[in-house]
Amino acid sequence: MDHNNNIDFKDLWKKQTVSQPNIEDLLVRLKQFKKAGLHNLWITNILLFATCAFIVSIWYYYQPEFISTKIGIVLAILAMVIYLGFYNRLASVYKDIDTTQTNQEYLQKLIEIKRKQQFMQSTMLSLYFILLGIGIGLYMYEYVVRMTILGAVFTYGITLLWMGFNWFYIRPKQIKKQQSKINELIDRFEDVNNQLQS
């Protein structure tokens, strides 16, 4: 019988290399997250400001007659300005993330971003859609009253369908995508903190 079969499992266990969290990889992911967040902020600002400018130019060039049209334009622009005002508050949090921070500070920034995103995705997006919906409805009224009943129903119906599609399909998809990205980063930083503390 061969006595070399006596293996010291405790010794082998001690010698094994423990996979340490790859901090550099995590910091690269964080940098990509920050860059994507700031990029989305810029794109949203450009698109909504361009939309506001387009709406104002319509008001200027076509001189609507009904007060409802003017109120609708103001409500649509107000919806965009309010949304941007709150959305741009995320920019300072993104910019505060830098390479000199500790893991705990990164984690706190990510949690703050998540909290602000949830506020934007619930309260502010609801307010935005309500104001925008009322604004578009009032704006369209001046032109819809000149149509046949069938044309008016079709026009408002298509508009409501498009807004419903955005609210019930695109919005939840975007929210889920944003939440999964930030939750993954938060989980990874929590894992790193737990491993470093143990």
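(A) Fine view of the overall build of the chain. Within the chain one finds 6 helices and 0 strands. The linear arrangement of helices and strands in the chain, starting from the amino end, is α-α-α-α-α-α. Looking at the chain as a whole, 31% of its 198 residues are labelled buried. Put simply, of all contacts in the chain between residues at least 6 apart along the chain, 79% involve residues at least 24 apart. Roughly 13700 Å² of accessible area belongs to the chain as shown, and the carbon and sulfur atoms make up 64% of that amount.

(B) Layout of the confidence of the model for the chain. For the chain, per-residue confidence averages 87 on the pLDDT scale, and 88% of positions sit at 70 or higher. For the chain, helix H1 (residues 9–15) is the element with the lowest average pLDDT, namely 46, and helix H3 (residues 67–87) is the one with the highest, namely 96.

(C) Region of interest: unusual backbone geometry. Even without being glycine, Gln 63 reaches a positive phi, approximately 40 degrees. Tracing the sequence through the fold places Gln 63 in the loop between helix H2 (23–62) and H3.

(D) The side chain of Ser 68, seen in detail. Note on placement: Ser 68 falls in helix H3. In contact with Ser 68, not counting residues within four places along its chain, are Leu 138, Tyr 139 and Tyr 141.

(E) Representation of the side chain of Glu 142 in the model. Position of Glu 142 relative to the elements: it lies in helix H5 (residues 103–144). Take Glu 142: its relative accessible area is 3%, and that puts it in the buried class. Of the polar contacts made by the side chain of Glu 142, one reaches the backbone nitrogen of Phe 66; its length is 3.1 Å. Not counting chain neighbours up to four residues away, the residues in contact with Glu 142 comprise Pro 64, Glu 65, Phe 66 and Thr 69.

(F) Region of the structure containing the packing of H3 against helix H4 (residues 89–96). Contact geometry for H3 and H4: axes closest at 4 Å, N-to-C directions at 20 degrees. Between H3 and H4, the interaxial angle falls into the category roughly parallel. The segment H3 lies against H4, with Gly 85, Phe 86 and Tyr 87 engaging Arg 89, Leu 90 and Ala 91. Grouping the amino acids of the contact of H3 with H4 by side-chain chemistry returns 4 nonpolar, 1 polar and 1 charged.

(G) Looking closely at the packing of H2 against H4. Taken N-terminus to C-terminus, the directions of H2 and H4 make an angle of 155 degrees; their axes are 10 Å apart at the nearest point. Regarding the angle of H2 to H4, the classification is roughly antiparallel. The hand of the H2/H4 crossing is left-handed. On the side of H2, the interface is formed by Phe 33, Lys 34, Gly 37, Leu 38 and Leu 41, while H4 contributes Leu 90, Ala 91, Tyr 94 and Lys 95. In terms of residue class, the contact of H2 with H4 is built from 6 nonpolar, 1 polar and 2 charged.

(H) View of the environment of Thr 159. Note that Thr 159 resides in helix H6 (residues 149–197). Here the alpha-carbon distance between Thr 159 and Gly 133, two residues 26 residues apart in the chain, equals 9.0 Å. In this view, Thr 159 contacts Ile 136 and Met 140; residues no more than four positions away in its chain are not counted.

The rules behind these values
Residues numbered from 1 in each chain as written. Predicted model: local features only at pLDDT ≥ 70, side-chain atom pairs only at ≥ 80, totals over all residues. Heavy atoms only, no water. Helix = DSSP H or I, 4+ residues; strand = E, 2+ residues; numbered from the N terminus. Buried < 20%, exposed > 50% of the residue type's maximum accessible area, 1.4 Å probe, protein only. Contact = heavy atoms within 4.5 Å. Areas by Shrake-Rupley, 256 points an atom, 1.4 Å probe, with all protein chains shown as cover. pLDDT = per-residue confidence, 0-100. Polar contact = N/O pair within 3.5 Å; in protein donor to acceptor, adjacent residues only side chain to side chain. Axes fitted to C-alpha atoms, helices over the stretch in contact; angles between N-to-C directions. Parallel < 35°, antiparallel > 145°, perpendicular 65-115°, else oblique. Nonpolar A, V, L, I, M, F, W, Y, C, P; charged D, E, K, R; others polar. Left-handed = near helix turned anticlockwise from the far one by under 90°.

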